[in-house]
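Chains, contacts and geometry: an overview
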Amino acid sequence: MSIGCGIFTLPLSTIEAGFIPALLLNALIASWNYLSCCKLLDCHRLIKEKNPYIPPSIKSELFILAYGGFGDLGSSFVSNLMIATLIGVVTSYQVAFADLAEDIPQVPFTTSQLTILSTMVIFPLACVRDVGILAPFSVLALIFLSLSMVIILYYGFTNVHNDPTLLSSVEFPAWPKSVSGFSYFIGDVTFCYCMMIPLF
């Protein structure tokens, strides 16, 4: 399971989905992730035991599993699936970057210009083939993520302590407000927890 900054959106999406469905879906997705990990580990063990021929060009563990199970078809299917998923993820991040930066008063750029700017920043990093070099950036991102969580929790608890009426003004519905709100939660929680699909 991988948890990123998307968890900041879970409180709002939980309110949109309603607490009962959100609780049930969280339990379902947690179980699904556990099953997925178990299946992937089983596949990895079987591949090691059978030791089938794997083309030298295939280096990723995930693609090795796909090729070992279904040959070229499996490898091509997983490759196309990952490419489509990553295009969606990258697009989402580009949109989020532009939206967040546009809200900063000192930034004089338009949404289109910010999107181009983020691409110019990301492109050189994407050209680095040794991912280990990017480890310091990952550590820095985790530090900022942790600090953001601390600030948000401190701000929330401090304001609620100073003004207890804040909680009374927030709605906590048991059921979804709308179909779109429920679908928003499903997409949000799936993205936040990086739900995997088990290989049977």
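The following refers to the structure shown. Computed from a predicted structure; not experimentally measured.

What follows deals with the overall build of the protein. Along its length, the protein carries 7 helices and 0 strands. The N-to-C order of helical and strand elements in the protein reads α-α-α-α-α-α-α. A buried classification covers 20% of the 200 residues belonging to the protein. Within the protein, contacts between residues separated by at least 24 positions form 68% of all contacts whose residues are at least 6 apart in sequence. For the protein, the exposed surface amounts to about 14,300 Å²; the carbon and sulfur share of it is 74%.

Turning our eyes to something else, we now look at the nonpolar core. Of all hydrophobic cores here, the largest spans 8 residues; its members are Leu 10, Ala 17, Ala 22, Leu 25, Ile 29, Phe 185, Val 189 and Cys 192. Among the elements of the structure, helix H1 (10-17), helix H2 (19-50) and helix H7 (179-192) are those that each provide at least two residues to this core. Residues within four places of Leu 25 in sequence aside, it is in contact with Phe 182, Phe 185 and Ile 186. Ranked by size, the runner-up nonpolar core spans 7 residues in total, among them Cys 43, Ile 47, Ile 64 and Leu 65.

Right, let's get into H2. Over its 32 residues, H2 extends 46 Å from the first C-alpha to the last, a length consistent with the 46 Å expected when each residue adds 1.5 Å. Every buried residue of H2 is accounted for by Pro 21, Ala 22, Leu 25, Ile 29, Asn 33, Ser 36, Leu 40, Cys 43 and Ile 47. Next to the buried residues of H2 lie H1, helix H3 (61-102) and H7. Of the residues one or two after H2, Asn 51 is the one with positive phi, at around 50°.

Quick notes on the rules
- Residues numbered from 1 in each chain as written.
- Predicted model: local features only at pLDDT ≥ 70, side-chain atom pairs only at ≥ 80, totals over all residues.
- Heavy atoms only, no water.
- Helix = DSSP H or I, 4+ residues; strand = E, 2+ residues; numbered from the N terminus.
- Buried < 20%, exposed > 50% of the residue type's maximum accessible area, 1.4 Å probe, protein only.
- Contact = heavy atoms within 4.5 Å.
- Areas by Shrake-Rupley, 256 points an atom, 1.4 Å probe, with all protein chains shown as cover.
- Core = buried A, V, L, I, M, F, W, Y, C linked by side-chain atoms within 4.5 Å.
- Expected span 1.5 Å × (residues − 1).

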